[in-house]
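Tertiary structure, described
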Amino acid sequence: MPKKFMKRYLPTPERVRAIKSLHFLGDILHEPNLWHINRHSVARAFLIGLFFCFIPMPFQMVAAVLFAIWFNANLPLSVILVWISNPITMPPMFYFNYKVGAMVLDRPVLDFEFHLSWSWLSERLMDIGIPLYLGSLLVATIGACTGYLIVQYLWRRKVRKDWGERIRARNRRLKAARKQRAAGQDS
């Protein structure tokens, strides 16, 4: 993963610590593991952020912060990934989750029109809520695990590539030094 790219765009710990609404967390924000950009903290951040972005619940970012602290994941990245589900993407994501849940429960997908009223909510909560949350849990788990594994794979691949480049560069330098020594001995 491009560590320099991530460092450039993620907020610094000092900037996040300066946010007054986060002062209730106290010294927890001073934990260096929450700010490290390494394979494990970034992969855990993807796991947490992708999981909570697919769960229809209020305060998804708060849940992502708490789990990032608990699992020592990269805190800013966990919160940023939750914003994959934003007001524009939520309807198609949650409708897809509902369809997955209905398919798993072997229920028909209901055509519905949303009406903001207590009677509509009480009548439709069980019909829509159970498939929605089951589908959300399934999609969130699969998406989060997939994201975690992809980050682990890409990070390892990048490290292997960098090591290979370093070895090739070192071999070129050694070869050039040998040639230079051989040319010096011949003269």
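Along each chain, numbering runs from 1 in the same order as the chain's sequence is written. Selection of residues for local features in this predicted model requires a pLDDT of at least 70, selection of side-chain atom pairs for listing and counting requires 80 or more, and totals for whole chains, interfaces and linings are taken over all residues. To get the side-chain values, take all heavy atoms of the structure and skip hydrogens and water.

**Some thoughts on the overall build of the protein chain**
- By the criteria applied, helices consist of DSSP H or I runs no shorter than four residues and strands consist of E runs no shorter than two, each listed in order from the N terminus. Of regular secondary structure, the protein chain possesses seven helices and zero strands.
- Ordered by position in the sequence, the α and β elements of the protein chain form the string α-α-α-α-α-α-α.

**With respect to the side chain of Asn-97**
- Relative to the elements of secondary structure, Asn-97 occurs in helix 6 (residues 90-105).
- In this analysis, two residues are considered to be in contact whenever any of their non-hydrogen atoms come within 4.5 Å of each other. Every residue in contact with Asn-97, bar those within four places of it in the chain, is listed here: Phe-54, Pro-131, Leu-132, Gly-135, Ser-136 and Val-139.

**Quick notes on the nonpolar core**
- Val-42, Phe-46, Ile-48, Phe-52, Phe-54, Leu-75 and Leu-77 are the most contacted members of the largest nonpolar core, which totals 34 residues.
- Every element with two or more residues in this core is listed here: helix 3 (39-53), helix 4 (60-71), helix 5 (75-82), helix 6 and helix 7 (118-186).
- At eight residues, the largest contribution of residues to this core is made by helix 3.
- With residues up to four places along the chain from it excluded, the contact list for Phe-52 reads Met-57, Gln-60, Ala-63, Ala-64, Phe-67 and Val-82. To form a nonpolar core, buried Ala, Val, Leu, Ile, Met, Phe, Trp, Tyr and Cys residues must be joined to one another through side-chain atoms within 4.5 Å. A 1.4 Å probe rolled over the protein chains alone gives each residue an accessible area, and that area as a share of the maximum for its type sets the label: buried under 20%, exposed over 50%, partly exposed in between.

**A closer look at a nonpolar patch on the surface**
- Two distance rules govern patches: like charges are joined within 9 Å, and nonpolar side chains (Val, Leu, Ile, Met, Phe, Trp, Tyr) within 5 Å, applied only to residues with over 30% relative accessible area and no salt bridge. All accessible areas in this document rest on Shrake-Rupley with a 1.4 Å probe, and a residue is counted as covered only by the protein chains that are shown. Any Lys or Arg side-chain nitrogen found within 4 Å of a carboxyl oxygen on Asp or Glu counts as a salt bridge. A surface patch of nonpolar side chains, amounting to about 680 Å² of accessible area, comprises Phe-59, Val-62, Leu-66, Phe-67, Trp-70 and Phe-71.
- Its place among the elements puts Val-62 in helix 4.

**Section: a positive patch on the surface**
- A contiguous patch of positive charge, built from Arg-168, Arg-170, Arg-172 and Arg-173, is present on the exposed surface.
- If you trace the backbone, Arg-173 turns up in helix 7.
- Residue classification places Arg-173 among the exposed residues on the basis of a relative accessible area of 55%. Residues scored as charged are limited to Lys and Arg (positive) and Asp and Glu (negative), so that His and the chain ends carry no count. A charged residue contributes its charge at one atom only: NZ of Lys, CZ of Arg, CG of Asp or CD of Glu.

**Considerations on helix 4**
- Under the 1.5 Å per step criterion, the end-to-end length of helix 4 is 16 Å for 12 residues, consistent within 8% with the ideal 16 Å.
- In the segment just after helix 4, Asn-72 is the residue with positive phi, at about 55°. Here, expected helix span is obtained from the residue count minus one, scaled by 1.5 Å.

**Quick notes on the side chain of Gln-152**
- In this fold, Gln-152 is placed in helix 7.
- Since its relative accessible area comes to 8%, Gln-152 is described here as buried.
- Non-local contacts of Gln-152, meaning those with residues more than four positions away in its chain, are made with Arg-39, His-40 and Ala-43.

**Remarks on the packing of helix 3 against helix 4**
- Helix axes are fitted to C-alpha atoms over the stretch in contact, other axes to C-alpha atoms as well, and angles between N-to-C directions run from 0 to 180 degrees. Across the interface, helix 3 lies against helix 4 with an axial gap of 9 Å and an inter-helix angle of 155°. Between helix 3 and helix 4, the interaxial angle falls into the category roughly antiparallel. Both helix 3 and helix 4 take part in a crossing whose hand is right-handed. On helix 4, the residues that touch Arg-44, Ile-48, Phe-52 and Cys-53 of helix 3 are Gln-60, Ala-63, Ala-64, Phe-67, Ala-68 and Phe-71. Every angle not falling under 35 degrees, over 145, or within 65 to 115 is termed oblique; those three ranges are roughly parallel, roughly antiparallel and roughly perpendicular. Crossings are sorted by hand: turned counterclockwise from the far helix by less than a right angle, the near helix makes the crossing left-handed, and turned clockwise it makes it right-handed.

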